[in-house]
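Overview (structure and organization)
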Amino acid sequence: MALSSSSSTQKTWIVHGILAGTAIAAAIGARAYLGRSRKFRSRVVGIIPARYASSRFEGKPLVQILGKPMIQRTWERSKLASTLDHVVVATDDERIADCCRGFGADVIMTSESCRNGTERCNEALEKLEKKYDVVVNIQGDEPLIEPEIIDGVVKALQVAPDAVFSTAVTSLKPEDGLDPNRVKCVVDNCGYAIYFSRGLIPYNKSGKVNPDFPYMLHLGIQSFDSKFLKVYSELQPTPLQIEEDLEQLKVLENGYKMKVIKVDHEAHGVDTPDDVEKIESLMRERNLL
């Protein structure tokens, strides 16, 4: 699906956060380290982190979506992105690895100690023989991810040398406003995101979703400067990141800039077993068999 055509959705947003306390020194040092590497960002790899263990949906990457494992659906869609030079799956589970090799995907085995998908991407990047400038963290539970969105976040990072991270948002459906599985994003008038939250943001006095407010839904896809990805893994977890359980908040809390694009996309990630039937119904409607 193409990027939104309205004037407000065409513009690219950059997001930044501010770190308080002793982590400022680490952030400043990391920026100096990154300053030598932000030139072209022309070599791009897409990494799909996948783990078997999940409190909400164990074995999720291998769940069948109309006859194919979900991880295969995501891999096939990712391969259609024109900006990606290579696509790999990063996992710590042999069941997932065997499945992926079976349908032709390249697999990088990673440690069980990775705390999130971003750290898994970093470990996979270090094990790849070729060097890349940009790493796209593609969520394995997005079997309908659109190649244009992948290309959009890559290009957004390529034209923003002051940003280390790029991602995408889309319009939030009012009925999803209070769903903690749907992560919301707010931005300022200058195009910088202010915050990401599982709660409804902004939150009004009535405590109810305002159907007239243009709430933004964060899509899981993330693009990193490859040098920053290494820095990210060395940064300590931050209070907001821990409280919200959102890894992108560690980027903001350490004072880095994040570029965000708005796209037209109906979010169809698989968070729970109940989502599988919804995805399959949508795929039948779109004839994506």
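Residues numbered from 1 in each chain as written. Predicted model: local features only at pLDDT ≥ 70, side-chain atom pairs only at ≥ 80, totals over all residues. Heavy atoms only, no water.

In the nomenclature of an unreviewed UniProt entry, the protein corresponds to 3-deoxy-manno-octulosonate cytidylyltransferase from the organism Brassica oleracea var. oleracea. The Pathway (unreviewed entry) field of the UniProt record for the protein holds the comment "Nucleotide-sugar biosynthesis; CMP-3-deoxy-D-manno-octulosonate biosynthesis; CMP-3-deoxy-D-manno-octulosonate from 3-deoxy-D-manno-octulosonate and CTP: step 1/1." (UniProt positions renumbered as here; feature names shortened; annotations may be inferred.)

Remarks on the overall build of the protein
Within the protein, the regular secondary structure consists of 10 helices and 12 strands. By the burial criterion, 54% of the 289 residues in the protein qualify as buried. Within the protein, counting contacts between residues at least 6 apart in sequence, those at least 24 apart form 72% of the total. Accessible surface, the protein as shown: approximately 13,400 Å² in total, 51% of it carbon and sulfur. (Helix = DSSP H or I, 4+ residues; strand = E, 2+ residues; numbered from the N terminus. Buried < 20%, exposed > 50% of the residue type's maximum accessible area, 1.4 Å probe, protein only. Contact = heavy atoms within 4.5 Å. Areas by Shrake-Rupley, 256 points an atom, 1.4 Å probe, with all protein chains shown as cover.)

Comments concerning the layout of surface pockets
Quantified by volume, the largest pocket comes out at close to 1,300 Å³. Every residue lining the largest pocket is counted, 41 residues in all, and those nearest its centre are Arg56, Gln139, Asp141, Arg198 and Glu247. If you list the elements that add at least two residues to the lining of the largest pocket, you get strand 2 (44-50), helix 5 (117-127), strand 11 (216-225), helix 8 (239-244) and helix 9 (248-253). Broken down by element, the residue count for the lining of the largest pocket peaks at five residues, all from strand 11. Of the residues belonging to the lining of the largest pocket, the class tally is 13 nonpolar, 14 polar and 14 charged. (1 Å grid on protein atoms, 1.4 Å probe; cavity = no way out; pocket = protein on both sides within 12 Å on 5 of 7 lines; lining within 4 Å. Points joined across faces, edges and corners; volume = space filled by probe spheres on them. Nonpolar A, V, L, I, M, F, W, Y, C, P; charged D, E, K, R; others polar.)

Quick word on the pattern of salt bridges
Tallied over the full model, the rule gives 12 salt bridges. Measuring nitrogen to oxygen at the nearest pair gives 2.8 Å for the salt bridge that ties Asp93 to Arg95. On the basis of relative accessible area, Arg95 is assigned to the partly exposed category, the value being 47%. A salt bridge links Lys127 to Glu123, with the nearest nitrogen and oxygen atoms 3.1 Å apart. (Salt bridge = Lys/Arg side-chain N within 4 Å of Asp/Glu carboxyl O.)

Details of empty space enclosed by the protein
Under the definition given, this model contains one cavity of 30 Å³ or more. Taken together, the residues that form the lining of the largest cavity break down as four nonpolar, three polar and one charged.

Notes on the packing of helix 5 against helix 7 (residues 226-234)
Two numbers describe how helix 5 lies on helix 7: the axes approach to 9 Å, and their chain directions differ by 120°. Here helix 5 is positioned oblique relative to helix 7, judged by the angle of their axes. Considering the relative orientation of helix 5 and helix 7, their crossing is left-handed. Contacts from Thr118, Glu119, Cys121, Asn122 and Leu125 of helix 5 reach helix 7 at Ser226, Leu229, Lys230, Tyr232 and Ser233. Of the residues assigned to the contact of helix 5 with helix 7, the class counts are four nonpolar, four polar and two charged. (Axes fitted to C-alpha atoms, helices over the stretch in contact; angles between N-to-C directions. Parallel < 35°, antiparallel > 145°, perpendicular 65-115°, else oblique. Left-handed = near helix turned anticlockwise from the far one by under 90°.)

Some words on the pairing of strand 2
By the criterion of burial, strand 2 is predominantly enclosed, with seven of the seven residues buried. Of the two faces of strand 2, both are covered, the one formed by Val44, Gly46, Ile48 and Ala50 as well as the one formed by Val45, Ile47 and Pro49. Pairing of strand 2 with strand 7 (residues 134-137) involves four bridges; the strand directions are parallel. For Val44, the partnering residue across the bridge sits in strand 7 and is Val134. (Pairing = 2+ DSSP bridges.)

Side note on the state of the cysteines
Simply put, disulfide is the name for a covalent bond between the sulfur atoms of two cysteines. Under the counting rule described, the total for this entry stands at zero disulfides. With no disulfide of its own, Cys114 lies 9.2 Å from the sulfur of Cys121, the closest cysteine sulfur. (Disulfide = S-S within 2.5 Å.)

Quick word on the environment of Ser166
Counting through the fold element by element, Ser166 comes out in strand 8 (residues 165-171). For the pair Ser166 and Ser223, spaced 57 residues apart in the sequence, the C-alpha separation amounts to 5.0 Å. A distance of 2.7 Å separates the side chain of Ser166 from the backbone oxygen of Val153, its partner in a polar contact. (Polar contact = N/O pair within 3.5 Å; in protein donor to acceptor, adjacent residues only side chain to side chain.)

Observations regarding helix 5
By the criterion of burial, helix 5 is predominantly enclosed, with nine of the 11 residues buried. All of the buried residues in helix 5 are Gly117, Thr118, Glu119, Arg120, Cys121, Asn122, Glu123, Ala124 and Leu125. N-capping of helix 5 is provided by Asn116, with a side-chain oxygen placed 3.1 Å from the backbone N of Thr118.

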